[in-house]
Amino acid sequence: MTKLRRFLKRLTSWTTTRQDEQRLQAEIAEHVAFQIEDNVRAGMPAREARRQAMLKFGAVEAIKEDYRDRRTFPFADALLHDARYALRGLRRSPAFAAAVILTLALGIGATAAMFSAVDGVLLKPLPYSHPEQLVALWLTAPGMNIQDLNPSPSLYFVLRDQNRAFQDFGLYTGVSRNVTGLGEPEHVAGLDVTYGLLPTLGVRPMLGRSFTEADDAPGSPETLILTYGYWRRKFAGDPAAVGKTITVDGKLRQIIGVLPQRFRFGGSDLALLVPVQLDRAKTLLGNFSFYGVARLKPGVTVARADADVARLLPVMLKSFAPPPGLAAKTFEDARIAPNLRPLKQDIVGDLGNVLWVLMGGIGLVLLIACANVANLLIVRIEGRRHELAVRAALGAGRARIAAQMLWEGFILAAVSGGLGLVLADLAVRTLVTIAPNDLPRLDEIGVDGRVVLFTLAVSLFVTVLIGLIPILKYTGASFGIGLRESGRTTSESRQRHRARSGLATVQVALALVLLVSSGLMIRTFRSLTRVDPGFAAPSGIQTFRVDILETPVKDPVAVVRTEQAILEKISALPGVSSAGLSMSVPMDGNQWSDSVFARDRAYAPSEMPLHRYKFVAPGFFKTIGTPLIAGRDFTWTDIYNKLPVAIVSERLAREYWHDPGNAVGKQVRSSGKDDWREVIGVVGDTRDDGVDKPAPSSVYWPIVTYFGGIDPIVVNFATVSVRTPRAGSESFLDEIRRAVWSVDSNLPLADVHTLDYYERASMARVSFTLVMLALAGGMALLLGIIGLYGVIAYSVSQRVHEMGIRAALGAQPSDILKLIAGQGLRLTLTGVAIGLATAFALTRFLSSLLYGVEAADPLTFVAVSLILTFVALVAGCVPARRAAKVDPIVALRYE
Amino acid sequence: MGERKDKKDVLQGTLALMVLKTLEVLGPMHGYRIARRIEQISGELLAVNQGTLYPVLLKLEQEGSIASEWGVSEHNRRARFYRLTRQGRKQLHAEKHEWDETAAIIARFFAVKAEDLK
């Protein structure tokens, strides 16, 4: 009880220092004054009275000190004292401090930056209320070999009427929209949504209102909601925008709301939301092309929701008719089943793998940096051995000396952590710009409070790591040795050398792991660039999209005429060698697959032989450089005369007729209600799903195709490809815009890229991982080699005397060179051996990112080991040569 | 270093007890008076280093055994007056009891003569 009271008193008095000092001062003055008075009364002369009084009182400063100790915590005072001492020590050796801080700041900064990416993408909850209740609506159809089947309108109606698992749910699909009448015609990203989507996400418009069931009913007045960004851009943030009407795809729509700034869904360039207005009366089975989000009722698990959807799928099959040309049995045989999953998992996908690999890689760099710094600290304390021994002899406790070492580590780590945070902020900004486009939640990455906390934790971890090694080494052993050994007359003992050598070995091992990983990524990248994507010299192909409006008259031929006119205008531009038009270009993500039946093959009644569908105009293949293997290309005459023709890819031709040459003249169709169409040509395969994926078997139809039983397919949202050396230049783009607008001034251009943009995007993950791992590997190599060099150089400087004796006894310079270089080589080889084993165990985490190379690729492992050993040998030879040049006379006279 | 510290602790422990007893017997007084009183009775102990009294006073005050406030001395000087608290009185009695016991035990030991143990 009294102890506690004293503690509290001390705690408070810690803050009232000055006042207490004054009080003590006053009491001492009083005391001495009383004493002097008494002494004078006893007959002493004034001066003597004062002297005697002071003598009797005792040493004022010692008493003050004692008083202070009792008043506060001597522990805290000592702590501050140690901190000041450590700070002074560091200030005395600025080069050492700078080297350590720079090394650590780079390590901590890189780790913090990577953490902010991992945190923003993987760890932070999604920015919706109760995000754990949100699931992505997916189906699966093993009978059709479809892993993820999108939800359909038929499913929507059944779920809306009968589901028991969801509080609410909504479907949506990305639709790009033309906005005209607000300055230049513009092509923007939009979403078609059912009215349940926003409430499901828990999002309310910042201005105006959300969609109601009435807005979403077919035939209702056309409405739309703007995103915050688009509203700021187009209406300068004017609240009066709500209620106005704008022209979207040629139709007037009323703005009924503006979403809040923090709303995030899909890409950051989303501009507007439009009610999809699904019509139950016209809904058939099929059209599995939507996306869905649902909010689970409290307590409902994903498995229970799956069960609920499974219950309703047969209801769906019974309630809706199959689309023309397809049998109901086709859908039964597809064995459609629910495949719900948490929304976060759906958004993040398999990206976790990449990020954790990179986080691990950067973590290794931090460890290497710490090892380097620990080594520097050990060497520094080695130099202070004499001082430490003297201090210990004078009565400094081990704890006190250890505390000082920890302080030194802490100050270094704290300053580095602060600097690292600044570096991390810079790095994150760079990271966000170089990160792959498909990186989800990119805009949620940033240095925030969580990253600062993480950095703090890392800095503390670093403190302990770099502070502990010298402490373990120098406070455990007897200090007496320090005094005896501090002369340089003895060579350093093996034991003293072991810690530093161990650290250097670990560094080499870790660097090897990172270098092997980057080596594997380099091999992957090389394999990918060697792949023939199915088109040639994509950087010389300018692509852009243009949307030919079908309003007011819906006339396929008119669309084609406009498109042909645009192509002719563009072909006439200077420097253009050819121009083509298609529904999509390779790797742009358009992956429409549907049935292709061949006349000379037999099919089960419900079979759906799925192949990639493409729609192209004449000249497309020539423009992008896809070779024509057999037959001929489409002609404009084929298109205007509605000839039933098709072109197939080499792979499809081989699958169906074994040889591309056999395919020409064969007949195919899209469904049982379709006319037979003649295969007039075979073209080379294109890697449509990405460089690292096999080329899908594809069929190419003319840009207008009158499939039997459905509305004609018209490519009115078309991608134009232009082969020209001027691709990508601003002046050329201006000419293209003028050419397009000379045909129709209301046509907006969108997605203006050269074709290699899509190729790069498909390799973005690999190149991102490669760049990051190569950076980490480079840092690791540099730090590791510096560490190794430091250890050997230091050891040489400690063994000058020994080398002198060896030389005096007849050792040749080459013997000494071998001795020292051998020491370095031993360290390196041990490190390489450990590193190889570690890399072998760890690289399998990379395997999902690799292409054309095994995770345990022997070439990479051997090459990296050789390179690392060679570099390490060179680093070891520099100090070894210095040792070999030691003059025995000088070395022995020293000291 | 350790030895010195022990001695100091014993000295301060003794001093603390003396301060408490002095304040119990003579009532509130200022530091110099307490020092003089202890000097008069113990002689030796505070002949030099009277200043060591002040850290002890502080410790006792922190423990709540004594309290202090500024006042005016008999010679019209400003001085800090210390007085015993209820808690201090309790502590004094507890420690006196302990001291008596210890002293009695020690006394018995010294009283024993060699032949008594045979």
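See above for the structure.
Okay, so let's go over this structure. (Residues numbered from 1 in each chain as written. Chains lettered and ligands numbered in written order. Predicted model: local features only at pLDDT ≥ 70, side-chain atom pairs only at ≥ 80, totals over all residues.)

**Remarks on the sheet that holds strand β3 (residues 78-84) of chain B**
For clarity, the threshold we go by: Criterion used throughout: strands pair if DSSP finds at least two bridges between them. Secondary structure is summarised from DSSP: a helix means a run of H or I of at least four residues, a strand means a run of E of at least two, and numbering begins at the N terminus for each.
A sheet is described by the order of its strands in space; here three strands give the open sequence β1-β3-β2 (chain B), paired in antiparallel fashion. Here the strands that pair on one side only, and so sit at the sheet edges, are β1 (29-30) and β2 (66-72) of chain B.

**Details of unusual backbone geometry**
All names here are of chain A. Phi angles above zero are rare outside glycine, and R335 is one such case at about 50°. Along the chain, the position of R335 falls in the loop between α11 (328-333) and β12 (337-338). In this structure, M587 is a non-glycine residue whose phi angle is positive, near 70°. Here M587 lies in the loop between β15 (578-582) and β16 (593-595).

**Some points on the environment of A:S527**
All names here are of chain A. Rule in force here: Exposed residues have 12 or fewer other C-beta atoms within 10 Å of their own C-beta, buried residues have 20 or more, and partly exposed residues fall in between, where C-beta atoms are placed from the backbone. Once C-beta atoms are placed from the backbone, any two residues with those atoms within 7 Å are in contact.
One can find S527 in helix α18 (residues 494-530). Residue S527 is classed as partly exposed on the basis of its C-beta count, with 16 C-beta atoms lying within 10 Å. Separated by 326 residues in the primary sequence, S527 and V853 have C-alpha atoms spaced 8.0 Å apart. Filtering out sequence-adjacent residues up to four positions away, S527 remains in contact with Y851, G852 and V853.

**Digging into the packing of helix α6 (residues 94-123) of chain A against helix α13 (residues 351-383) of chain A**
Residues and elements named next belong to chain A. So the rule is basically this: Note on geometry: axes are C-alpha line fits, over the in-contact stretch for helices, and angles between N-to-C directions span 0 to 180 degrees. Here the word oblique covers every angle except those under 35 degrees (roughly parallel), over 145 (roughly antiparallel) and from 65 to 115 (roughly perpendicular). The crossing is said to be left-handed when, going from far helix to near helix, the turn is anticlockwise and less than a right angle, and right-handed when the turn is clockwise. Gly falls in the polar group here, along with every residue not listed as nonpolar (Ala, Val, Leu, Ile, Met, Phe, Trp, Tyr, Cys, Pro) or charged (Asp, Glu, Lys, Arg).
It is at 9 Å that the axes of α6 and α13 come closest, and there the two elements cross at 165°. Overall, the two elements α6 and α13 adopt an arrangement that is roughly antiparallel. In this structure, the crossing between α6 and α13 has a hand that is left-handed. Class assignment of the residues belonging to the contact of α6 with α13 gives a composition of 24 nonpolar, six polar and one charged.

**Remarks on the sheet that holds β12(A)**
Residue and element names in this part refer to chain A. The strand order β3-β2-β12 describes an open sheet built from three strands, whose pairing is antiparallel. The outermost strands of the open sheet, each flanked by one partner alone, are β3 (146-149) and β12. As defined by bridge partners, strand β2 (residues 139-141) adjoins β3 across two bridges and the pair is classed as antiparallel. The residue bridging L139 from the neighbouring strand is L149, located in β3.

**Topic: the packing of α13(A) against helix α26 (residues 764-798) of chain A**
Residues and elements named next belong to chain A. One can describe the packing of α13 onto α26 by two numbers: an axis separation of 10 Å at closest approach and a directional angle of 15°. Classified by the interaxial angle, the pair formed by α13 and α26 is roughly parallel. Considering how the two elements wind past one another, α13 and α26 form a crossing that is left-handed. Here the contact of α13 with α26 is composed, by residue class, of 18 nonpolar, seven polar and one charged.

**So, the environment of A:L514**
All names here are of chain A. Relative to the elements of secondary structure, L514 occurs in helix α18. Residue classification places L514 among the buried residues on the basis of 29 C-beta atoms within 10 Å. Each C-alpha atom of the pair L514 and A776 lies 6.9 Å from the other, and the pair is 262 residues apart in sequence. Not counting chain neighbours up to four residues away, the residues in contact with L514 comprise G361, L364, L773, A776, G777 and A780.

**A word on the nonpolar core**
All names here are of chain A. Defined as follows: Linking buried Ala, Val, Leu, Ile, Met, Phe, Trp, Tyr and Cys residues through C-beta atoms within 7 Å yields a set, and such a set is a nonpolar core.
Among the nonpolar cores identified, the biggest contains 106 residues, and L104, V365, V508, A511, L512 and A780 are the most heavily contacted of them. The element best represented in this core is α13, accounting for 17 residues. When sequence neighbours within four positions are dropped, the list of residues in contact with L104 reads A369, V373, L412, A413, S416 and V462.

**Focus on the pairing of strand β4 (residues 166-180) of chain A**
Residue and element names in this part refer to chain A. Of the pairings in the sheet, the one linking β4 to strand β11 (residues 291-296) comprises six bridges and is antiparallel in character. Along β11, the bridge assignment pairs G170 with V293. Both β4 and strand β5 (residues 186-193) contribute to a ladder of eight bridges, which runs antiparallel. Residue Y172 lies in a different strand from β5, and its bridge partner there is V193. Where β4 hands over to β5, the hairpin turn is made up of five residues, of which G181 adopts a positive phi near 90°. Where β4 lies against strand β8 (residues 245-248), two bridges are found, and the strand directions are antiparallel. Within β8, the residue paired with T180 across the bridge is T247.

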